[in-house]
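Secondary and tertiary structure notes
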Amino acid sequence: MSRIASSPHTVHARWRMHACMRVLLFALPWIVVAVLLALREPAQPARWLLTAFPLIAALSWLVRAWRKHDLPWFAGHLNRHAGFEDSSGLLLGLDMPASGIAQLQRDRLQALWQVVDADSLRLRARISPLLWNLLATLACAAAIWSWQRQIPEPIRAQLPPALAQALGVQSPSLRQIQLEITPPGYTGLPVSTVKTADARVPETSMVRWTLQFSVAPTRAWLQVQNGPRIELRERAGGWQAQHRIDRSVLYRIVSEPALPTAQRRLHRIEMIGDQPPQVRATTPAQSLSLRKPGQQTWPVVFEATDDHGIAARAELRIIQTSGEGENISSSERSLSLAGSGMAKARRFGYVFDLARSGLTVGNDVIVQLTIRDNRQPRSQQVRSASVILRWPPENVDMTTGLDGLMQQVLPAYFRSQRQIIIDAEKLIGERRKLTTDVFTKRSDAIGVDQHALRLRYGQFLGEEAEETKPLPTSDADQAADPDASEPADAGHPPGDQHDHGETGSSSVDAMLAEVSHVHDLPEAATMLDPQTKDILREALREMWSSETQLRLGEPQKALPFANKALVLIKKVQQADRIYLPRIGNEMPPIDFTRRMSGKRDDVATRSNTFLSMPEAAMPLDALWRALGADQEDTEVPKSILDAASRWLQAHDGNERDTLAAIAALDALHQQPECATCRDELRLRMWPLLAKPLAKPMPRGRATPVGNAYLDALQREARP
């Protein structure tokens, strides 16, 4: 048993201090948590205001504990001891002794204080509440330190701004954004700066983003729609990134934690493409000029313009023809011309000396100007339209008293045999570079041209260019099967209207008629003299052999036949004259068995047939209906928005309209209840909707005059 060596007032002061220390042990961990929260973002005043709350609470609790553990509280504690007999107030001086008995009681208590057991008067304070309090504060400190990473994004987005700022879980927001646009050097445009996230920039410009957030995010980037992710790096001036713009793009600013909903919309960088240069001939004003008698020079002047500048020099291509007929040849040369004027509008001129150029009667001089702009790394090249100077040939006299017009033997389409030879020689030279299939297809295509040319020449010998059918005399003839047109003559080709024998001819005659099908009759070939006809017939045989080899993919074997056909054609060209009869329009024959009979058998109806309106297949149609005026109170289903978004990304069509529609669609997706977003999306979708098929107009109601007329017709129809 231990004795109390101190006075009652000293013991009271010690116990009072012990109670205050216990209060501080409870409050101090919470003060540390508040300070830790403020240190997360020292620049936020709200955080430091939050620190004051545990300090004020601890101070008030400390004052309350100090006042609670006063002398009356200590006297009450002593009175609970059996030996003090509810008279500890006399011992502590709270009650002054008013009588001798009271004085004796005080002396007895003072003697008792000297021998009382100190353990019996000690306060029983439990340590478990302090431990539980310490564990709670440690858990709060850990939660606050990792609060922004642990809280789910949907919950963080729904927190009120004031509460989020006080708790330190608010999403970072954009305070400022700046775009620095550096156009390519060849444009000559200066560096510009805009304070918005949307911009229009020249092609291949370098764009640098500088962003400043209210709260530094963990990470941030620019997410390009259907494109790469551009990481934002924290620098001294803010979060920065740069990217070269080679197409119009939509992008979104993304951060962790996420930005507010209003700042998560899509932004657009619209690229202004470098337009190709424009060139036109100013002198002469027309594309075809005829040489005048005595003209010795021919000036040509071209004017070229471009949005960012044209190269100082241009190339003038000169093509000069010589000869006539199949003997026409051409020569080509190029000149380098220096332009004059400003970089964006230059003029190029040249004066031809016709005497030195060797231009003769019936020949042409063709010029084209090729210009380039200053675009880098690859310039855009444009060639002007051809400007032609022609030395007209002498006029050909017209005959009189004939049934037709007299002209040179060789029509314009006779001049393509040389081109077939040139194409075949070119194909042979490229054989090593081509696969077998491609080589055979190109050879077959040249064979088709040879076939068409052979049929055209054959018309001068009375042959048919193609199988033709007579014009129908009724709708039943049009609908009938062509194979059944001549059932009695099975060996004759369908549609042949020539008389090749009686219906009852033998099978041998029918087979001969089918394989021979001779049309070279004297009355069908009156355009050429017999000698010219023989030469042309030989040329046709050579063309047939050339066509056969070309169709088999052997152009090298076809060349001898094609060259021989060309020689024969030149001989035909030397003939004096041919005469082409005037041929009018070929009208269908009149069926006299049906004429004036009034019968309408086999006459097809001419009533209009309306196409059924197809069901809307595009997702844009479904979205358009969902945004209608009758659906204003209904939220657009997410499935319709997603389907329309996928369709727009897959069908870019008009790039500007599509990007605007995607941005409006994303805004509605972020804010489904936004009425302005619905109107904007509907406006942007209109140019992208497919044009509906024409619908028949409904017939209006009959007027009184119309009803009276119909009634009169019905009365007349009654017997």
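The rules behind the values
Residues numbered from 1 in each chain as written. Predicted model: local features only at pLDDT ≥ 70, side-chain atom pairs only at ≥ 80, totals over all residues. Heavy atoms only, no water. Helix = DSSP H or I, 4+ residues; strand = E, 2+ residues; numbered from the N terminus. Buried < 20%, exposed > 50% of the residue type's maximum accessible area, 1.4 Å probe, protein only. Contact = heavy atoms within 4.5 Å. Phe/Tyr/Trp six-rings, centres within 6.5 Å; stacked < 30°, edge-to-face > 60°. Lys NZ or Arg CZ within 6 Å of the ring centre and 35° of its normal. Pairing = 2+ DSSP bridges. Patch = residues over 30% accessible without salt bridge, like charges linked within 9 Å, V, L, I, M, F, W, Y side chains within 5 Å. Areas by Shrake-Rupley, 256 points an atom, 1.4 Å probe, with all protein chains shown as cover. Salt bridge = Lys/Arg side-chain N within 4 Å of Asp/Glu carboxyl O. Axes fitted to C-alpha atoms, helices over the stretch in contact; angles between N-to-C directions. Arc of directions from axis to C-beta. Polar contact = N/O pair within 3.5 Å; in protein donor to acceptor, adjacent residues only side chain to side chain.

**What about the overall build of the protein chain?**
A count of helices and strands for the protein chain gives 22 helices and 22 strands. Counting all 719 residues of the protein chain, 34% fall into the buried class. Excluding contacts between residues fewer than 6 apart, the proportion of contacts in the protein chain whose partners are at least 24 apart in sequence is 67%.

**What about the packing of aromatic side chains?**
Following the criterion strictly, the structure yields 5 aromatic pairs and no others. Ring centres 5.5 Å apart and planes at 70° place the aromatic pair Trp209 and Tyr251 in the edge-to-face group. One end of the pair, Trp209, is in strand E4 (residues 205-213); the other, Tyr251, is in strand E9 (residues 249-256), with 42 residues separating them in the sequence. The class for Trp209 is buried, based on a relative accessible area of 2%. Clustering of aromatic rings is evident, with ring pairs tying together Trp298, Tyr350 and Phe352. Here the basic side chain of Arg291 rests over the ring of Trp391, its NZ or CZ set 3.8 Å away from the ring centre. In this structure, Arg682 packs its charged tip against the face of Trp624, placed 3.8 Å from the ring centre.

**Considerations on the pairing of E9**
The buried count for E9 comes to 6 of 8 residues, which makes it a mostly enclosed element. With 3 bridges joining them, E9 and strand E10 (residues 267-272) adopt antiparallel strand pairing. Bridging from a neighbouring strand, Tyr251 pairs with His267 of E10.

**Some remarks on a nonpolar patch on the surface**
A cluster of nonpolar side chains, contributed by Met17, Met21, Leu24 and Trp66, occupies part of the molecular surface with about 390 Å² of accessible area. Counting residues per element, the nonpolar patch draws most heavily on helix H1 (residues 8-40), at 3 residues. What makes Met17 partly exposed here is its relative accessible area of 45%.

**Section: the sheet that holds strand E17 (residues 345-353)**
The strand order E11-E13-E17-E16 describes an open sheet built from 4 strands, whose pairing is antiparallel. Every other strand in the sheet has two partners, leaving strand E11 (278-283) and strand E16 (340-342) as the edge strands with one partner each. When strand polarity is set aside, the average angle formed by the axes of neighbouring strands in this sheet is 20°. Bridge count for E11 against strand E13 (residues 297-305) is 5 bridges, and the pairing is antiparallel. Looking at the pairing, Val279 lines up with Ala304 of E13.

**Some points on the pairing of strand E8 (residues 238-245)**
Judged from the 7 bridges that link them, E4 and E8 form a sheet pairing that is antiparallel. Bridge pairing links Val207 to His243 in E8. With 3 bridges joining them, strand E7 (residues 233-235) and E8 adopt antiparallel strand pairing. Residue pairing in the sheet places Arg233 in a bridge with Gln240 of E8. Counting the residues that bridge the hairpin from E7 to E8 gives 2 residues.

**A short note on the pattern of salt bridges**
Counting across every chain of the model gives 18 salt bridges. Two residues, Glu303 and Arg280, come together in a salt bridge whose shortest N-O distance is 3.2 Å. Of this pair, Glu303 sits in strand E13 while Arg280 is found in strand E11, placing the two residues 23 residues apart along the sequence. Classification of Arg280 by relative accessible area gives partly exposed; the value is 48%. For Arg317, the salt bridge identified is with Glu332, shortest N-O distance 2.8 Å.

**A short note on helix H21 (residues 675-685)**
All of the buried residues along H21 are Cys677, Arg678, Leu681 and Met685. Buried residues in H21, looked at end-on, bunch into an arc of 100°, giving them a common side. For H21, the exposed residues lying more than 90 degrees away from the buried face are Thr676, Asp679 and Leu683.

**Re the sheet that holds E9**
Read across the sheet, 5 strands follow the order E3-E10-E9-E5-E6 without closing on themselves; strand pairing throughout is mixed. On the outer flanks of this sheet lie strand E3 (199-202) and strand E6 (229-231), each paired with one strand and no other. The sheet shows a mean angle of 30° between the axes of neighbouring strands, taken without regard to direction. In terms of strand pairing, strand E5 (residues 219-224) meets E6 through 3 bridges, oriented antiparallel. Following the sheet pairing, Gln223 is matched in E6 by Arg229.

**A word on the side chain of Gln295**
Positionally, Gln295 belongs in the loop between strand E12 (288-290) and E13. For Gln295, the side chain forms a polar contact with the main-chain oxygen of Thr297, separated by 2.8 Å. Not counting residues within four places of it along the chain, the set of residues in contact with Gln295 comprises Leu290 and Leu354.

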